[in-house]
Amino acid sequence: MNLTEEQIERYSRHIILKDVGGAGQEKILQAKVLIIGTGGLGAPAALYLAAAGVGTIGLVDGDTVDLSNLQRQVIHFTADVKRLKVDSAREKIEALNPDVKVVTYPERVHAENIAAIIKDYDFIIDGTDNFPAKFLINDACVLHSKPFSHGGILRFDGQTMTYLPGSACYRCVFNSPPPKGAVPTCSEAGILGAVAGMLGTIQAAEALRYILGKGKLLTNRLLIFNALDMEYRQVNIRQNPECPICGERPIITKLVDYEQPVCDLRSRYHA
Amino acid sequence: MGQEIKKSLDLHGVVCPLNFVKTKLALETLNSGEWLEVILDEGDAMLNVPRSLKEEGHRIVKVTPLGQTYSVIVEKGA
């Protein structure tokens, strides 16, 4: 593969980097990244990965754009309200960078469809907003040996970690979803829009550094920040031998869906 | 100094940082220790490109003035 004159100019600020160069940019152009959730986290992640020239970007989201999304989901514009999020996001990505092939999945991930969706991708970004989906993505990625970036945000807080086969997984740290109602959703608790941008952008950087094979990924550590006081900290984590999915005696050997109260989901687009 | 020039690149009229980007891409096609010749404009290009190349671990072997441009021979680093 040879970079065209236009690509050399478009990606010049990447190519200049010692850790990227032409060879690294070509890796990016050949990479396939799946973004599950085209909302607060997925929107910035998708824009940065598209700008970077990630060859194939998959977008999974069954929702339509709501006016209340626009405060943070920067890939969607006012005129996109009521459109499918994946269609709105695809249009922006294609306008930003014609080098990117966009594949859309206008659906929610569940135990039956997730394996087929993640199969063709090199790296997966969890940009979902609910625990059942987060545990499902973790389980599917562990069972199918797929690297992924976990991300979660609420109010002014964000947390993220990266899983590579063999490193600590989400369940090593968080054994199972919290009881229903124990953790409020973004629609109940609120979220500073810029916090979504901060975390989604970290996730995009993880994907790019994984593709490049450079630097130290957020594996075996959980990055936590609070944007109200702008404090960052890291918690070292390690693979848990008692982990129900990647431990020594795994009890989860196939995918299951946790129940998500319907009212939670409904309230977000009918509120 | 008996080494041959593997590749030559005329970057006269190519502005910063694209001249460095193109030099870098040309060096990626060489093996370490091989030589690349680039023609650079005097001024910004000559101030910036050789310095950036050195920062990336390449060696400037020889600089020859050619009127308003320079021929710069670079040895690819490890």
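Because the structure is a prediction, the values reported are computed rather than measured.

I keep staring at the overall build of chain B and nothing clicks. Help me out?
Summing up its helical and strand segments, chain B has 2 helices and 4 strands in all. Relative to the globule expectation of 12 Å for 78 residues, the C-alpha radius of gyration of chain B, 11 Å, shows essentially globular dimensions. Accessible area of chain B: about 4100 Å², with a carbon and sulfur share of 50%. On chain B, the mean spot of the 9 positive side-chain charges and the mean spot of the 11 negative ones are 4 Å from each other.

Before we go on, may I ask you to explain the pairing of strand 4 (residues 69-75) of chain B in this structure?
Successive side chains on a regular strand alternate, one facing one side of the sheet and the next facing the other. Residue and element names in this part refer to chain B. Extensive coverage of strand 4 is indicated by the burial of 6 of its 7 residues. Bridge count between strand 2 (residues 35-41) and strand 4: 7 bridges; the pairing is antiparallel. The residue bridging W35 from the neighbouring strand is E75, located in strand 4. In terms of strand pairing, strand 3 (residues 59-66) meets strand 4 through 7 bridges, oriented antiparallel. By the bridge assignment, R59 is partnered in strand 4 with E75. Connecting strand 3 to the antiparallel partner strand 4 that follows it, the hairpin turn spans 2 residues, and G67 within it adopts a positive phi of roughly 75 degrees.

Hey, could you run me through helix 10 (residues 193-212) of chain A in this one?
The end-to-end C-alpha distance of helix 10 of chain A is 29 Å, a good match for the 28 Å that 20 residues give at a rise of 1.5 Å each. Remark: G213 of chain A follows helix 10 of chain A within two positions and exhibits a positive phi of approximately 70 degrees.

What am I meant to see in the interface of chain B and chain A here?
Where interface size is given, it is often the accessible area lost as the parts come together that is meant. Contact with chain B, which involves 10 residues of that partner, is made by 13 residues of chain A. Together, the buried faces of chain B and chain A total about 900 Å²; carbon and sulfur atoms form 69% of this surface. Among the residues chain B hides against chain A, the three largest losses belong to V21, K24 and L25 of chain B. Together they make up 39% of the total. Applying the counting criterion to the chain B and chain A interface returns 1 salt bridge.

Before we go on, may I ask you to explain unusual backbone geometry in this structure?
Trans peptide bonds make up the majority, and among non-glycine residues the majority have a negative phi. Cis geometry is found at the peptide bond from C16 of chain B to P17 of chain B, where omega equals 0 degrees. Counting through the fold element by element, P17 of chain B comes out in the loop between strand 1 (5-10) and helix 1 (18-28). Positive phi is not limited to glycine here, since K82 of chain A has a value of about 85 degrees. Along the chain, K82 of chain A falls in the loop between strand 2 (56-60) and helix 5 (85-96). For K82 of chain A, a relative accessible area of 69% puts it in the exposed group. A positive phi angle, close to 50 degrees, is found at M230 of chain A, a residue other than glycine. You can see M230 of chain A is positioned in the loop between strand 7 (221-226) and strand 8 (231-236).

How should the confidence of the model for chain B be read in this particular structure?
Interpretation of this model should avoid reading the predicted coordinates in detail wherever pLDDT is low. Residues of chain B with pLDDT of at least 70 account for 97%, and the chain-wide mean is 95. ipTM for the predicted complex: 0.90, alongside a pTM of 0.93.

Teacher, can you tell me more about the layout of surface pockets here?
Any empty space left between the atoms is revealed when a probe the size of a water molecule rolls over them. Space inside the second largest pocket adds up to approximately 370 Å³. Along the wall of the second largest pocket there are 17 residues; nearest its centre are K18, V20 and G21 of chain A together with K24 and E28 of chain B. Looking at the lining of the second largest pocket, the elements with two or more residues in it are helix 3 (21-30) of chain A together with helix 1 of chain B. In the lining of the second largest pocket, the residues fall into 5 nonpolar, 4 polar and 8 charged.

How should the sheet that holds strand 5 (residues 148-154) of chain A be read in this particular structure?
Strand-to-strand pairing in sheets goes through backbone hydrogen bonds, with the strands running parallel or antiparallel. All names here are of chain A. With respect to topology, 8 strands assemble into an open sheet ordered 3-2-1-4-5-6-7-8, the strand pairing being mixed. The open sheet has two edge strands, strand 3 (101-105) and strand 8, and neither has a second partner. Pairs of neighbouring strands in the sheet enclose a mean axial angle of 15 degrees, with direction left out of account. With 2 bridges joining them, strand 4 (residues 123-126) and strand 5 adopt parallel strand pairing.

Got a minute to help me understand the pairing of strand 2 of chain B in this structure?
Residues and elements named next belong to chain B. Among the 7 residues that make up strand 2, 7 are buried, leaving the element largely enclosed by the rest of the structure. With burial as the criterion, each face of strand 2 is covered, one bearing W35, E37, I39 and D41 and the other bearing L36, V38 and L40. Of the pairings in the sheet, the one linking strand 1 to strand 2 comprises 5 bridges and is parallel in character. Considered in strand 2, the bridge of I5 is made with W35. Chirality of the crossover, the property in question, places the unit of strand 1, helix 1 and strand 2 among those that are right-handed.

Before we go on, may I ask you to explain the packing of helix 3 of chain A against helix 10 of chain A in this structure?
Axis angle and axis distance: for two packed helices, these are the angle between their axes and the distance between the axes, and together they describe the pair. All names here are of chain A. Helix 10 packs onto helix 3 with a crossing angle of 115 degrees between their chain directions and a minimal axis gap of 9 Å. Every pair of crossing elements has a handedness; the one defined by helix 3 and helix 10 is right-handed. From helix 3, G24, K27 and I28 reach across to helix 10, where they touch L208, I211 and L212. Across the contact of helix 3 with helix 10, the residue classes tally to 4 nonpolar, 1 polar and 1 charged.

Would you explain the environment of K76 of chain B in this entry?
Residues and elements named next belong to chain B. Relative to the elements of secondary structure, K76 occurs in the segment after strand 4. Taking C-alpha positions, K76 is 13 Å from K62, a pair spaced 14 residues apart along the chain. For K76, the contacting residues outside a window of four places in its chain are L27, E28, L30, N31, S32, G33, E34 and H58.

Definitions and cut-offs
- Residues numbered from 1 in each chain as written.
- Chains lettered and ligands numbered in written order.
- Predicted model: local features only at pLDDT ≥ 70, side-chain atom pairs only at ≥ 80, totals over all residues.
- Heavy atoms only, no water.
- Helix = DSSP H or I, 4+ residues; strand = E, 2+ residues; numbered from the N terminus.
- Rg over C-alpha atoms; globule rule 2.2 N^0.38 Å.
- Areas by Shrake-Rupley, 256 points an atom, 1.4 Å probe, with all protein chains shown as cover.
- Lys, Arg positive; Asp, Glu negative; His and termini not counted.
- Charge placed at Lys NZ, Arg CZ, Asp CG, Glu CD.
- Buried < 20%, exposed > 50% of the residue type's maximum accessible area, 1.4 Å probe, protein only.
- Pairing = 2+ DSSP bridges.
- Expected span 1.5 Å × (residues − 1).
- Contact = heavy atoms within 4.5 Å.
- Buried area = accessible area lost by both parts, 1.4 Å probe.
- Salt bridge = Lys/Arg side-chain N within 4 Å of Asp/Glu carboxyl O.
- pLDDT = per-residue confidence, 0-100.
- 1 Å grid on protein atoms, 1.4 Å probe; cavity = no way out; pocket = protein on both sides within 12 Å on 5 of 7 lines; lining within 4 Å.
- Points joined across faces, edges and corners; volume = space filled by probe spheres on them.
- Nonpolar A, V, L, I, M, F, W, Y, C, P; charged D, E, K, R; others polar.
- Axes fitted to C-alpha atoms, helices over the stretch in contact; angles between N-to-C directions.
- Right-handed = clockwise from strand over helix to strand, strands pointing away.
- Left-handed = near helix turned anticlockwise from the far one by under 90°.

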